[in-house]
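# Close look at the chain arrangement
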Amino acid sequence: MAKYKPSNEQTMGEALSLFLERYRLRRGFDDAMVLKAWDDVLGPSITRQTTSKKVQNKVLVVQLDSSVVRKELLIVKSKIIASINEHLGREAITDLHLF
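Presented here is a report on the structure given in the accompanying data block. (Residues numbered from 1 in each chain as written. Predicted model: local features only at pLDDT ≥ 70, side-chain atom pairs only at ≥ 80, totals over all residues. Heavy atoms only, no water.)

Sheet architecture is open: 3 strands sit in the order β1-β2-β3, paired in mixed fashion. Whereas interior strands pair on both sides, the edge strands pair on one side only; in this sheet they are β1 (50-56) and β3 (95-98). On average, each strand axis in the sheet is tilted by 15 degrees relative to the strand beside it, whichever way the strands run. Direction of pairing for β1 relative to strand β2 (residues 59-64): antiparallel, over a ladder of 6 bridges. Among the inter-strand pairings, Ser 52 is bridged to a residue of β2, identified as Gln 63. Relative to the sheet, helix α4 (residues 77-88) contacts β2 and β3, its axis offset from that of β3 by approximately 125 degrees. (Pairing = 2+ DSSP bridges. Helix = DSSP H or I, 4+ residues; strand = E, 2+ residues; numbered from the N terminus. Axes fitted to C-alpha atoms, helices over the stretch in contact; angles between N-to-C directions. Contact = heavy atoms within 4.5 Å.)

In structure tokens, the structure reads:
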């Protein structure tokens, strides 16, 4: 009876993850996903108030038009961090700075 070799097949997700790791693109990909998650999680009204956003060392830095909106978001800062990480399925950010 013939012995079968283990399959070298991978799912598309596994192959993409391996590609991102091998070519050290994971951080940039995660940063882009965090920026998109900000828009998805907080919705269009907050997105319109956002003037700029970036990710530096797992810290999401967001500049807002309105100081009132900034104060409101500072109150729920930990919930926003948890929501973005939950939306992405992993701990993509550890802190949020609002300006």
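Having seen the model, we can carry on.
Mapped onto the elements, Thr 11 comes out in the segment before α1 (12-22). Between the C-alpha atom of Thr 11 and that of Ser 66, which follows or precedes it by 55 residues, the distance is 45 Å.

Scanning all chains against the criterion turns up 1 aromatic pair. Plain terms: the ring middles of Phe 19 and Tyr 23 are 5.0 Å apart, the flat faces sit at 50 degrees to each other, and that makes the pair tilted. (Phe/Tyr/Trp six-rings, centres within 6.5 Å; stacked < 30°, edge-to-face > 60°.)

With that settled, consider the nonpolar core. Ranked by size, the top nonpolar core spans 19 residues in total, and within it Val 34, Trp 38, Leu 60, Leu 73, Ile 84 and Leu 96 carry the most contacts. Sorting the residues of this core by element identifies α2 (26-49), β2, α3 (67-75), α4 and β3 as the ones contributing at least two each. Ranked by the residues each element gives to this core, the list is headed by α2, at 5 residues. The residues contacting Val 34, other than those within four sequence positions of it, are Val 55, Leu 60, Ile 84, Leu 88, Ala 92 and Ile 93. (Core = buried A, V, L, I, M, F, W, Y, C linked by side-chain atoms within 4.5 Å. Buried < 20%, exposed > 50% of the residue type's maximum accessible area, 1.4 Å probe, protein only.)

With respect to the element layout, Asp 30 can be found in helix α2. Looking at Asp 30, its side chain comes within polar contact range of the side chain of Arg 90, at 2.5 Å. (Polar contact = N/O pair within 3.5 Å; in protein donor to acceptor, adjacent residues only side chain to side chain.)

Positionally, Asn 8 belongs in the segment before α1. In the structure, Asn 8 is positioned 15 residues away from Tyr 23 in sequence and 20 Å away in space, judged by C-alpha atoms.

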